[in-house]
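Now for the letters of each chain:
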Amino acid sequence: MPRKLSYFVLIFLPSALLIGLGAWYLRQTDDDVAMVRLQATQELAVGLGANALTRHLDTVHRDLRYIASQEALRVLLNEGSPAALGYLTRDLIAFSDAARFYDQIRWIDQTGLERVRVDRVAGAAVAIPTERLQNKGSRYFFTDTMALNPGQVFVSPLDLNIEGNAIEVPYKPMLRFATPVVDAAGQRRGIVILNYLGRTMLDEFADAAGSLSDDITLLNGEGYWLKGSDPADEWGFMFKQSLTLGNRYPEVWARLGTADRGQLQTSSGLWTWRTLNPLKSGEVSSTGTAETAGPSQGRVHQDNYLWKAISRVHPQQLTALGTETATRYGIIAGILIGLLAAVSWLFATSLAERAKARELLERLATTDGLTGLGNHRFFMDQLKQHWQVFQRHPAPPVGILIMDLDHFKGVNDGHGHAVGDMVLQHVSRILRASLRQTDTAGRIGGEEFCVLLRGSDLDGVRVFAERFRHQLETAPVIVGDLQLTVTASCGGSTFLSTDTIPAAAMQRADAALYRAKAAGRNRVELAEVSV
C-alpha cells in the first residue's frame, strides 16, 4: 500500500470511528443533556430569587441603626419636650419619603405607647395624629425587642400586618426591624421600629425567578407559603390553617425541610430549593404569633430563622421535554467544538513556539554567551534606564563600579584562551554571588565588568568593590594542577544631579579605574567628584 494511503488510513479510520461513537453517544444521552440544562436553569431561577429576597435587608438594618442614633431622638429621650418630639417627627417624615419602602416608622415608648408614627399613605409620608396612636405593649414584636440588650436588633417573622386588632385587608406582608433605645442614664425608653413592606421584596422575588421558572414559591421554616403560585395557599399560619407543603407533599418536605439546598425529582415534579438565613450576626427573631395580641412562644436565633426559595417543574413539563432539537444541535456543537479545539491547539502551539523563539533571541541579544552576565548592549540599556529614573527621583543614589582583571593578557598568552575563558567564568560566578536583587552586572569588554548598584552612595560602592576584590583575590582558579590567583582593579562613581548624560558617571568611574591601575593594580579607587 502506498505510504500516503497508509498515513490516510491510520489518521482517518480512528477519527471516523470516534466521530461515529460520539454521534451514537449524543443520541443516547440527549434526554440527560436536556435534563441537566433544565436543572441548571431551575437552580439559576432559585438563586436569582434568593438574591432578590435579601437585596434590601442590609439597607433596612443600616437604616434602623441610623434612626436609633439620630440627634433628635437622643434629645427627645433625654428631655421629652414637645419641640424635640416635633423635630423627630419631621426627620422621620423626610426619611420615609427618601426610602419609600417603609410602611411605618415608629418610636414606641417603654409602656408600649406609640409616641411617633410615620405611615406611608398613597405614596407619601404622613405623621399620625396623637389621638390615633395605639398601644402596642401586648404585641410580640414590642415585648421581644424590649427583652434585648441595647444595640441588638429584632427581626420579626415575615407575616401579615395587624391593624386595629385585625389582619389588615388587603393583606400587607410585613417585616419589622426593631432595636431598644435608652436615655443618657441608660434607662430603657422603648424601641425604634421599621415596618418594611414585604410585598416589595416578594414581588421582586417572583419577578427575578419568574423568567426562568413557571412555579416559584417561598416558604417559611415551618413549610407555610409566604409566596405561592396560588394566592389561596399563602399565609395559612396567620389563619391557623394546616396548609403547608409538608401536608400536601410529605415525600418532598421530608427532603426539602432538612437539606439546605438541592434538587429532587418525584412523581409530583422536579423540585429545586435553596435555604436562606436572613438574620445577620447580632440579630434575633421569635416565633411571633397569629393572634392580634400576646407574646411569642420563644426566641428564634440566626440558624433557625429560615426561608425556603423553591422552584417546581410540573410532571407535564418533564414529559414534554423533546430530544429532536437537542440531538441536532448537540451534533453541530460537537463538530464545532472539535474544529475549534483543533484550531486552538495549532494556534496555541504556534504562539508558544514563537514566544520561545523570541525569548531565545532576546537572551542571545542581551546576554554574554561565555559568562551568562548581561552583555555591553544590555548593560548600557540598564544604565540609561537607571539614569532616567534618577533624574526624576534622585533618591536613592545609584553607584557604578567598573572592574578590570589585572594582567589578563598574560593568562591568555601563558595558558591559552581556554584557561582564560575559565578565569572569566570564575570571576562572573563570584560577581553574581555578590549581587543584591536590585543590582545589575554585565561584561562590557574582554576582561572588563561593570555593576550598577541601586541605593549605594560612594561608601556603598567602596564596600561592594572591596568585598568583591578580596573574594576574587582569595579564591584562586584551579585548572588541573594549575592554580591562578586573579586580581582586579576597580573604579567607582555615582550618578550626580548635575549629569547631563548617563555616560558621565561611567566616565568618572573609568578615570578612577585608571588611577587604580596606575597606583599598582588590585585596588579600589573612587571618583574624585563627591556626591
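Quick caveat: nothing in here was measured; it's all calculated off a predicted structure. Position numbers for residues count from 1 along each chain, tracking the sequence in the order it is written. Owing to the predicted nature of the model, reporting of local features is limited to residues with pLDDT of at least 70; listing and counting of side-chain atom pairs is limited to 80 or more, with chain, interface and lining totals taken over all residues. Excluding hydrogens and water, the side-chain values take into account all heavy atoms of the structure.

**Looking at the packing of aromatic side chains**
In step 1: Any two of the Phe, Tyr and Trp rings considered here, Trp counted by its six-membered ring, make a pair once their centres fall within 6.5 Å; the pair's planes then place it as stacked at under 30 degrees, edge-to-face at over 60, or tilted in between. Taken as a whole and judged by the stated rule, the model has 13 aromatic pairs.
In step 2: Taken together through their ring pairs, the aromatic side chains of Tyr-66, Phe-95, Phe-101, Tyr-102 and Tyr-196 make up a single cluster.

**What to know about the packing of helix H13 (residues 417–434) against helix H14 (residues 458–473)**
In step 1: Taken N-terminus to C-terminus, the directions of H13 and H14 make an angle of 140 degrees; their axes are 10 Å apart at the nearest point. Comparing their axes, H14 and H13 come out oblique. Regarding H13 and H14, the two cross each other, and that crossing is right-handed. Packed against H13, whose contacting residues are His-426, Val-427, Ile-430, Leu-431 and Ser-434, the element H14 presents Phe-464, Arg-467, Phe-468, Gln-471 and Leu-472 at the interface.
In step 2: Under the grouping applied here, Gly and all other residues not named as nonpolar or charged are polar, the nonpolar ones being Ala, Val, Leu, Ile, Met, Phe, Trp, Tyr, Cys and Pro and the charged ones Asp, Glu, Lys and Arg. Its residues assigned to classes, the contact of H13 with H14 shows 6 nonpolar, 3 polar and 1 charged. Lines fitted to C-alpha atoms define the axes here, with helix axes fitted over just the stretch in contact, and angles between the N-to-C directions of these axes take values from 0 to 180 degrees. A run of DSSP states H or I qualifies as a helix once it reaches four residues; a run of E qualifies as a strand once it reaches two. Both are numbered from the N-terminal end. Here the angle decides the label: under 35 degrees means roughly parallel, over 145 means roughly antiparallel, 65 to 115 means roughly perpendicular, and every other value means oblique. Should the near helix be turned anticlockwise from the far one by less than a right angle, the crossing is left-handed, and should it be turned clockwise, the crossing is right-handed. Contact definition: two residues touch when any of their heavy atoms are within 4.5 Å.

**Remarks on the sheet that holds strand E19 (residues 448–454)**
In step 1: Here we have 5 strands laid out as an open sheet, ordered E18-E19-E17-E22-E23, and mixed in their pairing. The open sheet terminates on both sides in strands that have one partner only, identified here as strand E18 (440–443) and strand E23 (524–526). The mean inter-strand angle of the sheet, taken between neighbouring strand axes irrespective of direction, is 15 degrees.
In step 2: Two strands are said to pair when DSSP picks up at least two bridges between them. Two strands pair when backbone bridges link them, and strand E22 (residues 488–494) and E23 are joined in this way by 3 bridges, in the parallel orientation. Note that in E23 the partner of Gly-491 across the bridge is Glu-525.
In step 3: Where helix H11 (residues 376–392) meets the sheet, its contacts fall on strand E17 (398–405), E18 and E19, and the angle it forms with E19 comes to roughly 25 degrees.
In step 4: Across the sheet, helix H15 (residues 503–518) lies against E17, E19, E22 and E23, angled at about 145 degrees from E22, the strand it touches most.

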